[in-house]
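# Architecture and fold: a report
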Amino acid sequence: MTDKYAVIGNPIGHTKSPYIHGSFAASTGQDIDYSAIEGSLDHFADDLHAFRSAGGRGMNVTAPFKLQAFALATERLERAQLAGATNALKFEGDRIVADNFDGLGLTNDIQRNLGFALKGARMLVLGAGGAVRGALLPFLEQQPAVLVLANRTQGKADDLARQFAAHGKVEGCAYGDLSGEEFDIVINGTSASLRGELPPLPVEALQGARLAYELAYGKGLTPFLRLAQNAGVPRLADGVGMLVEQAAEAFAWWRGVRPDTRAVIDRMTIPLV
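The structure reproduced in this document is the subject of the present report. Treat the numbers as computed from the prediction; the structure is a model and nothing was measured.

### A closer look at the pattern of salt bridges
Where charged atoms from two side chains of opposite charge approach closely, those side chains can pair. In this structure the tally under the stated criterion is 13 salt bridges. Its salt-bridge partner being Asp99, residue Arg79 comes within 3.0 Å of it at the nearest N-O pair. Residue Arg79 is located in helix α4 (residues 78–83), and its partner Asp99 is located in strand β6 (residues 95–99); the two are separated by 20 residues in the primary sequence. Look at Asp99 and you get buried, because its relative accessible area is 3%.

This is the structure we're talking about:
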């Protein structure tokens, strides 16, 4: 019997999730049907329960529903709890179980695919929104030497740093405090690149970095990546690997088998030019 899964968001026409999960199912011999649902902005809960009542086994959740899905869950695993949001649900009887694989997918991409160890690294993460929040626990579990959060509003970065202080060495700061600091890995978790803009990052913070990573994907050489390139950062990456890796974690959670991700990442990668 074919098991039903879906991704829900609004808008949803751009989603690559049916292609990714269809590829995973084909490569692992899993019998699933994976669809895309454009959720109602006013009736998200109705859409979720309708899919579940129709036999749905699990859902990926994307913007703008990650907070609503978190609130509807009957059980929230640690990554979802700390992120305050979920990007994956599993339906088991009366239970709606929530997890968040965004940060784990990003960590896996950086370490497994790109070959950069986070243990002992000096990390700089730009932004203090939901994407960054979801990444902090997986990052800190790898024991970086320090993880610095830079945000336009320093108070938000400081608050986030305090919330995760029990899990590792994490600090908040404003962009202006970064002059003279050096990092191994710099990650842009802001939405600036979606608007073709550049975070107010001093170029000095990129000099000496080994990897510049852009969470946005499919945008080519974004202003952030161009700044990193001009600063001499030897390795640039966008978020396509994160997208595929978080999908692989959800697939493994649902199906009990983890698919290989390399071929899917290769097919989806757009050159950074």
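### Concerning the sheet that holds strand β5 (residues 88–92)
What the six strands build is an open sheet, ordered β2-β1-β3-β5-β6-β4; its pairing is mixed. Looking at strand neighbours, the two that pair on one side only are β2 (32–38) and β4 (75–76), the edges of this open sheet. Sheet analysis places β5 next to β6, joined by five bridges and oriented antiparallel. The residue of β6 that forms the bridge with Ala88 is Asp99. Each of β1 (3–9), β2 and β3 (56–61) is contacted by helix α1 (residues 17–28), which is oriented at about 175° to β2, the strand it contacts most. Against the sheet, helix α2 (residues 44–53) touches β1, β2, β3, β5 and β6, its axis set at about 145° to β3.

### Structural notes on the packing of α1 against helix α9 (residues 240–255)
Relative orientation of the contacting elements α1 and α9 amounts to 55°, with a least axis distance of 10 Å. In terms of orientation, α1 lies oblique with respect to α9. Viewed along their axes, α1 and α9 form a crossing whose handedness is right-handed. Along its contact with α1, which presents Ile20, His21, Phe24, Ala25 and Thr28, the element α9 presents Leu243, Val244, Ala247, Ala248, Phe251 and Trp254. Its residues assigned to classes, the contact of α1 with α9 comprises nine nonpolar, two polar and no charged.

### With respect to the sheet that holds strand β10 (residues 185–188)
Strands sit in the order β9-β8-β7-β10-β11-β12 across an open sheet of six strands; the sheet is parallel. At either end of the open sheet lies a strand with only one pairing partner, and these are β9 (170–173) and β12 (235–237). In this sheet, neighbouring strand axes are inclined to one another by 15° on average, regardless of whether the strands run parallel or antiparallel. As judged from the four bridges shared by strand β8 (residues 146–150) and β9, these two strands associate in the parallel manner. Residue pairing for β9: Val148 is matched across the bridge by Glu171. Across the sheet, helix α6 (residues 130–141) touches β7 (122–126), β8, β9 and β10, and the angle it forms with β8 is around 170°.

### Some points on unusual backbone geometry
Geometrically, the link from Asn10 to Pro11 is a cis peptide bond, its omega value of 0° lying close to zero. A cis amide bond links Ala63 to the next residue, Pro64, at an omega of 5°. With respect to the secondary-structure elements, Pro64 resides in the loop between β3 and α3 (66–72). Of note, the phi angle at Gln143 is positive, near 60°, even though the residue is not glycine. Note that Gln143 resides in the loop between α6 and β8.

Here is what the cut-offs are and how they apply
- Residues numbered from 1 in each chain as written.
- Predicted model: local features only at pLDDT ≥ 70, side-chain atom pairs only at ≥ 80, totals over all residues.
- Heavy atoms only, no water.
- Salt bridge = Lys/Arg side-chain N within 4 Å of Asp/Glu carboxyl O.
- Helix = DSSP H or I, 4+ residues; strand = E, 2+ residues; numbered from the N terminus.
- Buried < 20%, exposed > 50% of the residue type's maximum accessible area, 1.4 Å probe, protein only.
- Pairing = 2+ DSSP bridges.
- Contact = heavy atoms within 4.5 Å.
- Axes fitted to C-alpha atoms, helices over the stretch in contact; angles between N-to-C directions.
- Parallel < 35°, antiparallel > 145°, perpendicular 65-115°, else oblique.
- Left-handed = near helix turned anticlockwise from the far one by under 90°.
- Nonpolar A, V, L, I, M, F, W, Y, C, P; charged D, E, K, R; others polar.

Shape descriptors only; they carry no functional weight alone.
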